[in-house]
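Commentary on secondary and tertiary structure
Below are the chains, spelled out letter by letter.
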Amino acid sequence: MFSFKALLHILFPEVCLTCQKPLHTNEHLLCTFCSNELPKTNFINYPENQAEKIFYGRVKIKQAAAYFWYNKKNIVQELIFQLKYRKHEEIGKLLAYWVAYDMKQSERFKNIDCIVPVPMHPKKLRKRGYNQLSIFGEILAKELGCNYDETVLKKIKNTVTQTKAGRTKRWENVQNAYVLAQIDTSKYEGKHILVIDDVLTTGATLEACTLALQQIENVTLSIFTIAMGV
Ligand SMILES: [Zn+2]
């Protein structure tokens, strides 16, 4: 006798998000082949990694890491595209479990008190319906046993899409776009905040967010992104 789940699988086989091949019952979202192809950076374990170096001389952070290498035609690009534009929050969940597992094994990402995502402008948030970082951040925080807080930072300028802009242009776009929200931030004084984003490219957005958060007294800041441009 088939279980209901097995029957559903036969009637509506799930396909791999990236190669579209039918998934086996023990696979979830990605087939085993595609999962193994994911280009991990292993930055979680390594100080002075390339993600960290981006911020040298710009903002004071404790540490930074990006989880995958990102490029235009790889699986990671597809994953992030799906997460952003196709409401595939399941991807955020799966990624959070992977990242949490690695962070718990590492000495570097201990003692985080709160995870804060790069905020979206309210207009954009209304249009898309959700911040693609929410599920990822919530699950990661739960797994690490810390808070998740979307109310600390606010985006006050609706910047144009960053994809084609160069470094100077991007910096102009994001300058002053992020501010501390008008909330009581005293609970974060002396705490360690992990700022998260999906893709790290020039670092301008994260630099702007970090500068805003530095107004909190004695705060320690670290940065984590799902991927980093090659
Ligand atoms: Zn696949």
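This report concerns the structure included in the present document. What you are looking at is a predicted structure, and each value in this text was computed from that prediction instead of being measured. (Residues numbered from 1 in each chain as written. Predicted model: local features only at pLDDT ≥ 70, side-chain atom pairs only at ≥ 80, totals over all residues.)

It is worth spelling out the overall build of the protein at this point. Broken down by element type, the protein carries nine helices and seven strands. Counted over contacts in the protein with a minimum sequence separation of 6, partners at least 24 positions apart contribute 71%. (Helix = DSSP H or I, 4+ residues; strand = E, 2+ residues; numbered from the N terminus. Contact = placed C-beta atoms within 7 Å.)

An order of β1-β7-β6-β2-β3 is seen for the five strands of this open sheet, with the pairing classed as parallel. With partners counted over all chains shown, the strands left at the sheet margins are β1 (64-70) and β3 (147-148), one partner each. With two bridges joining them, strand β2 (residues 114-117) and β3 adopt parallel strand pairing. Note that in β3 the partner of Ile115 across the bridge is Tyr148. With respect to the sheet, helix α7 (residues 134-144) is in contact with β2, β3 and β6 (192-200), its orientation differing from that of β2 by roughly 175°. (Pairing = 2+ DSSP bridges. Axes fitted to C-alpha atoms, helices over the stretch in contact; angles between N-to-C directions.)

All right, on to the packing of helix α5 (residues 89-105) against α7 then. Interhelical geometry of α5 versus α7 gives an angle of 30° and a closest axis separation of 8 Å. The pairing of α5 with α7 is recorded here as roughly parallel in orientation. As α5 runs across α7, the sense of the crossing is right-handed. Only Ile135, Phe136, Ile139, Leu140, Glu143 and Leu144 of α7 make contact with α5, whose side of the interface consists of Glu89, Gly92, Lys93, Leu95, Ala96, Tyr97, Val99, Ala100 and Met103. (Parallel < 35°, antiparallel > 145°, perpendicular 65-115°, else oblique. Left-handed = near helix turned anticlockwise from the far one by under 90°.)

Here we come to the nonpolar core. In this structure, Ala51, Ala66, Ile115, Leu140, Val195, Cys209 and Ala227 are the most contacted members of the largest nonpolar core, which totals 61 residues. In terms of domain composition, this core takes at least three residues from each of domain 1 (1-37) and domain 2 (39-229). In contact with Ala66, not counting residues within four places along its chain, are Thr41, Phe43, Ala51, Leu200, Thr225, Ala227 and Met228. (Core = buried A, V, L, I, M, F, W, Y, C linked by C-beta atoms within 7 Å. Buried ≥ 20, exposed ≤ 12 C-beta atoms within 10 Å, placed from the backbone. Domains from an automatic or database assignment.)

With that settled, consider α5. Look at α5: 25 Å from first C-alpha to last across 17 residues, which is about the 24 Å you get at 1.5 Å a residue. Regarding α5, the residues found buried are Ile91, Gly92, Leu94, Leu95, Ala96, Val99 and Met103. Buried positions along α5 lie against β1, α4 (75-85), α7 and β7 (220-229). (Expected span 1.5 Å × (residues − 1).)

On any regular strand, side chains alternate: one points to one face of the sheet, the next to the other face. For β6, a buried count of seven out of nine residues is recorded, marking the element as mostly surrounded by other parts of the structure. Where β2 and β6 come together, four bridges link them in parallel fashion. Bridge pairing links Pro117 to Ile196 in β6. With eight bridges connecting them, β6 and β7 associate as parallel partners. In the sheet register, Leu200 faces β7, and the bridge partner there is Met228.

Look at Leu29: it is not a glycine, yet its phi comes out positive at around 65°. Relative to the helices and strands, Leu29 resides in the loop between α1 (4-11) and α2 (32-37). Exposure remark for Leu29: the 20 C-beta atoms within 10 Å place this residue in the buried category. We note that Glu48 has phi near 55°; this positive angle belongs to a residue other than glycine. With respect to the helices, strands and loops of the structure, Glu48 is situated in the loop between α2 and α3 (50-54). Overall, Glu48 belongs to the exposed group, with 10 C-beta atoms counted inside 10 Å.

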